[in-house]
Amino acid sequence: MAPPFMIEGLRVGRRRFSVVLRSVLALALAVVAVPLVNLAGGELASRLGLPRGGDARLAYDLVWVFLAGLVGSVLMVGVAAVAKTAHAWALFALYLALDLYVTVMAWDDFPRWFTLACLLTLPAQVWLGWWLAVKRGTSGEK
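Bear in mind the structure is a predicted one, so any value in this text is a computation, not a measurement.

1. Here we look at the overall build of the chain
Then step 1. Check the secondary structure of the chain and you find 5 helices and 0 strands.
Then step 2. In the chain, the order of α-helices and β-strands from amino to carboxyl end is α-α-α-α-α.
Then step 3. By the burial criterion, 31% of the 142 residues in the chain qualify as buried.
Then step 4. A separation of at least 24 residues holds for 71% of the contacts in the chain among residues at least 6 apart in sequence.
Then step 5. Split by element, the accessible area of the chain, about 9000 Å² in all, is 73% carbon and sulfur.

2. Points about the pattern of salt bridges
Then step 1. Counting across every chain of the model gives 3 salt bridges.
Then step 2. Asp-61 is the partner of Arg-57 in a salt bridge, and the nearest nitrogen-oxygen pair spans 3.2 Å. Taken as a pair, Arg-57 and Asp-61 lie in helix α2 (residues 55-79) at a separation of 4 residues, close to a single helical turn.
Then step 3. A relative accessible area of 11% places Arg-57 in the buried class.
Then step 4. Residue class for Asp-61 comes out partly exposed when judged on its relative accessible area of 24%.
Then step 5. The closest approach of N and O atoms between Asp-108 and Arg-112, which form a salt bridge, is 3.7 Å.

3. Looking at helix α4 (residues 112-120)
Then step 1. Within the span of α4, buried status applies to Phe-114, Thr-115, Ala-117, Cys-118 and Leu-119.
Then step 2. Elements in contact with the buried residues of α4: α2, α3 (84-105) and α5 (122-135).

4. Description of the environment of Ala-117
Then step 1. The residue Ala-117 is located in helix α4 in this model.
Then step 2. Assessed through its relative accessible area of 17%, Ala-117 is described here as buried.
Then step 3. Along the backbone, Ala-117 and Leu-62 are 55 residues apart, and their C-alpha atoms lie at a distance of 7.7 Å.

5. A short note on α3
Then step 1. Between its terminal C-alpha atoms α3 stretches 31 Å, which fits the 32 Å expected from 22 residues at 1.5 Å a residue.
Then step 2. For α3, the set of buried residues is Lys-84, His-87, Ala-88, Leu-91, Phe-92, Tyr-95, Asp-99 and Thr-103. Taken around the axis of α3, the buried residues stretch over an arc of 135°, which confines them to a single face. Along α3, exposed side chains directed more than 90 degrees from the buried face belong to Trp-89, Tyr-101, Val-104 and Met-105.

Rules of the game
- The written sequence of each chain sets the order in which its residues are numbered from 1.
- Predicted model: local features are reported for residues with pLDDT of at least 70 only, side-chain atom pairs are reported and counted for 80 or more only, and whole-chain, interface and lining totals are derived from all residues.
- Each side-chain value is derived from all of the structure's non-hydrogen atoms; neither hydrogens nor water enter the calculation.
- Per the convention used, a helix needs a DSSP run of H or I reaching at least four residues, while a strand needs a run of E reaching at least two, with both numbered from the N terminus.
- We call a residue buried when its accessible area falls under 20% of the maximum for its residue type, exposed when it is over 50%, and partly exposed in between, using a 1.4 Å probe and counting protein chains only.
- Residue contacts follow a heavy-atom distance rule, with two residues in contact if any of their heavy atoms lie within 4.5 Å.
- The Shrake-Rupley method, run with a 1.4 Å probe sphere, supplies the accessible areas, and residue values consider only the shown protein chains as cover.
- By salt bridge we mean one thing: a side-chain nitrogen of Lys or Arg within 4 Å of a carboxyl oxygen of Asp or Glu.
- The length a helix should cover is 1.5 Å for every residue beyond the first.
- Here the arc refers to the set of directions running from the helix axis out to each C-beta atom.

Pasting the structure below:
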């Protein structure tokens, strides 16, 4: 029979592995959710017969960009086993880096209001996702 300290060590190791695995899974789900939600919005727009281009379509697309970030945030925070607020901050940093890159690269491709709105709604996306997952959800972290 193994000594008690070895058994406890195995339990701690298994718990740490589970926590890390859930964090990786949370990030993967958040990263996959963003394009999937945006694709769903584009598909819905084509089925509704919305014309391509123009400010009305960009406003519609902006709503889906917001929803995609929100869904990614809810998944990231909701799936994480511990440190849910830290996961939200990490996702915010990742989204911000990506958003800044896209804003700089697409600055001349879209109207300024659209690129700036994508960037400026980012804190609301992550905060609302965190709030839905932690404060409104069944999470143990408050």
